[in-house]
Amino acid sequence: TDMGRIIGAVLVITACSAMGLSMSRRISGRYRELVEWKRILGLIEGRIRFGGGTLREIFTELAEKEGAPYDRFFAHTAAAMEQGTGIRLSEHWSSALKAELSDAWLSSDDLAFLDGLGRDLGELDKVAQLQTLAFAKQQLEERRQELLRELPVKRRLYGCLGVLSGLFLTILLI
């Protein structure tokens with residue numbers, strides 16, 4: 001019937017538009033997470049530089065102060081380090097990334113970057129850790145700046161593609 005086709009067309013257009021909106025939200029979420037990681041790395045850097053303490057103590061403190069999903073990530077890492085199983089920090093960090101940040105907005109490239117950071121942090125002395133954190137913050141800032149330039153265009157593009165794909169599918173189905 002004609003009414004069924006109209007309802008179907010509206011549902012297809014709505015679903016495709018929602019997918020475009022979801023992609024737009026994903027890129028905005030990635031931007032926010034890059035900013036948040038840069039802030040967190042600054043906290044770790046400051047704590048190492050001025051507060052002392054082990055990485056496990058710093059991660060425990062971050063687990064108590066940060067919001068989701070970072071609280072879970074740092075709690076997971078600190079708890080694994082506390083068990084003292086002889087496993088290196090990089091393995092605990094990597095495990096926590098997979099377990100606690102798998103649903104994050106970050107791209108697979110961003111997660112690989114953070115995984116490399118965990119590998120470097122666990123193998124270095126205080127001076128090298130500070131240099132690594134400074135470099136990582138610089139890298140995150142470059143990623144953030146690049147994404148900031150792309151953000152308006154990509155958000156508009158994803159929104160338009162969602163609507164247009166819905167219209168295209170509707171025309172094909174009718």
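Residues numbered from 1 in each chain as written. Predicted model: local features only at pLDDT ≥ 70, side-chain atom pairs only at ≥ 80, totals over all residues. Heavy atoms only, no water.

(A) Fine view of the side chain of Ser28. Relative to the helices and strands, Ser28 resides in helix α1 (residues 2–51). A polar atom in the side chain of Ser28 sits 3.3 Å from the side chain of Arg155. Residue contacts for Ser28: discarding those within four places in its chain leaves Leu151 and Arg155. (Helix = DSSP H or I, 4+ residues; strand = E, 2+ residues; numbered from the N terminus. Polar contact = N/O pair within 3.5 Å; in protein donor to acceptor, adjacent residues only side chain to side chain. Contact = heavy atoms within 4.5 Å.)

(B) Geometry of the packing of α1 against helix α3 (residues 70–83). Running from N to C, α1 and α3 cross one another at 45 degrees; their axes reach a closest spacing of 12 Å. In this view, α1 runs oblique relative to α3, as classed from their interaxial angle. Here α1 runs over α3; the crossing is right-handed. Across the interface between the two elements, Glu33, Glu36, Trp37, Ile40 and Ile44 from α1 touch Tyr70, Phe73 and Phe74 from α3. For the contact of α1 with α3, a count of residues per class yields six nonpolar, no polar and two charged. (Axes fitted to C-alpha atoms, helices over the stretch in contact; angles between N-to-C directions. Parallel < 35°, antiparallel > 145°, perpendicular 65-115°, else oblique. Left-handed = near helix turned anticlockwise from the far one by under 90°. Nonpolar A, V, L, I, M, F, W, Y, C, P; charged D, E, K, R; others polar.)

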